[in-house]
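Tertiary structure, described
Spelled out from the first residue to the last, the chains are:
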Amino acid sequence: MWYVLQVPTGREDRLIEEIRSYRIQEYFEEVFAPRSVRKKKYRGKWQISEELLFPGYLFVISENPEELYQALKRIPRMTRILGTGEKWTAMTANDIETVRRLAAPHTQAQHGKWLMDFSEGYLKGDKIIVTEGPLQGMESRIRRIDRHKRLAWLTIDVLGEPREIAVGLEIIRKE
């Protein structure tokens, strides 16, 4: 089952390293912070960068949430496993499918990295048509775009709450 850990923003990678160094791998299959490929302009040239898809959150796959929680309590700066009330809530099948669709490690080049590829598309009137990348078929979730920064903001549900995330999208033409 998949769970979401809330952690201090900006410390996601460090906490993944700490979780692994505490040798508690027996309580989880995988812990990760999905990222997205973006293009940023530095000194007049476009550069490829990777940004967190869900800042302040880690995803963990575990069949033993109680034991995992007890082990995580020993790690400084861990915030909490998200849930409702006093119970941890596993992600729904739809939530898991959304995360997998956006950022699952599906290419050999990613070596197990949860990384969302850059998408491309075009504008037809006011409508966005995505021609390449993981945003294909998800156009209805795109709330706004910034053509100059090559970003799209889309709303997805995680644990029953809508979250807005920024992802890479280049609009190559306008019809």
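For the structure itself, consult the block above.
Values in this document were obtained by computation on a predicted structure and should not be read as measured data.

To continue, consider the overall build of the protein. Secondary structure assignment for the protein yields three helices and 14 strands. At 18 Å, the protein has a C-alpha radius of gyration in line with the 16 Å of a compact globule built from 175 residues. Here the C-alpha coordinates of the protein stretch approximately 55 × 35 × 30 Å along the principal axes. Taken across its 175 residues, the protein has 46% of its residues classed as buried.

Right, let's get into the pattern of salt bridges. Scanning the model with the defined rule gives nine salt bridges in all. A salt bridge links K39 to E170, with the shortest nitrogen-to-oxygen separation between them at 3.1 Å. Residue K39 is located in strand β3 (residues 35-42), and its partner E170 is located in strand β14 (residues 161-174); the two are separated by 131 residues in the primary sequence. Take E170: its relative accessible area is 14%, and that puts it in the buried class. Note that K40 and E51 form a salt bridge whose closest N and O atoms lie 3.0 Å from each other. Note that K40 is positioned in strand β3 and E51 in strand β4 (residues 45-52), a separation of 11 residues in sequence. Taking the relative accessible area as the measure of exposure, E51 reaches 24% and is therefore partly exposed.

Strand order in this open sheet of three strands is β4-β3-β9, and the pairing throughout is mixed. Strands with a single pairing partner mark the edges of an open sheet, and in this sheet they are β4 and β9 (115-116). Examined bridge by bridge, β3 and β9 share two bridges and lie parallel to one another. Paired with R35 across the two strands is L115, which belongs to β9.

Analysis parameters
- Residues numbered from 1 in each chain as written.
- Predicted model: local features only at pLDDT ≥ 70, side-chain atom pairs only at ≥ 80, totals over all residues.
- Heavy atoms only, no water.
- Helix = DSSP H or I, 4+ residues; strand = E, 2+ residues; numbered from the N terminus.
- Rg over C-alpha atoms; globule rule 2.2 N^0.38 Å.
- Buried < 20%, exposed > 50% of the residue type's maximum accessible area, 1.4 Å probe, protein only.
- Salt bridge = Lys/Arg side-chain N within 4 Å of Asp/Glu carboxyl O.
- Pairing = 2+ DSSP bridges.

By themselves, these are just geometric observations and shouldn't be taken as functional.
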